[in-house]
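# Secondary and tertiary structure notes
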Amino acid sequence: MNISEAIQTRVLDLCGEKNITPTRLRKTSKIPYTTFYRITHADAPALCISTVDKLCDGLGISLADFFVHDVCRN
């Protein structure tokens, strides 16, 4: 699994855990549609940490909480 796939998996898993749709997360995080599409389809080769930080804000978690997960460690 590459980093794009790991982030995609983590974002979608967190949406499920937080009972929030991906569309609502995108809007709450104020991430452009095309960027969010690339993230959720594991097609974001140059994803910035600031984008992941916006996703974390939208989910109400820290960056550490995002990356402290088995899918991100491997």
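Preceding block: the structure.
Predicted model, so just to flag it, every value in this text is computed and none were measured.

## As for unusual backbone geometry
Within the chain, N19 stands out as a residue other than glycine whose phi angle is a positive 55 degrees. Relative to the elements of secondary structure, N19 occurs in the loop between helix 1 (3–18) and helix 2 (22–29). N19 sits in the exposed class, given a relative accessible area of 72%. Even without being a glycine, K30 presents a positive backbone phi close to 60 degrees. Mapped onto the elements, K30 comes out in the loop between helix 2 and helix 3 (33–40).

## What about helix 1?
Residues separated by three or four positions in an α-helix point in the same direction, a consequence of the helix having 3.6 residues per turn. Helix length check: helix 1 (16 residues) gives 22 Å between terminal C-alpha atoms against 22 Å at 1.5 Å per residue, within 8%. If you check which residues of helix 1 are buried, you get S4, A6, I7, Q8, R10, V11, L14 and C15. Of the residues one or two after helix 1, N19 is the one with positive phi, at around 55 degrees.

The rules we used
Sequence order as written defines the numbering, with residues in each chain counted from 1. Totals for whole chains, interfaces and linings use every residue, but because this is a predicted model, local features are given only for residues with pLDDT of at least 70 and side-chain atom pairs only at 80 or more, for both listing and counting. Side-chain numbers here rest on the full set of heavy atoms in the structure, without hydrogens or water. Strands here mean DSSP runs of E at least two residues long; helices mean DSSP runs of H or I at least four residues long; both are numbered from the N terminus. The buried label goes to any residue with under 20% of its type's maximum accessible area, the exposed label to any with over 50%, and the partly exposed label to all in between, with areas taken from a 1.4 Å probe on protein chains only. Each helix should span, by expectation, one fewer than its residue count multiplied by 1.5 Å.

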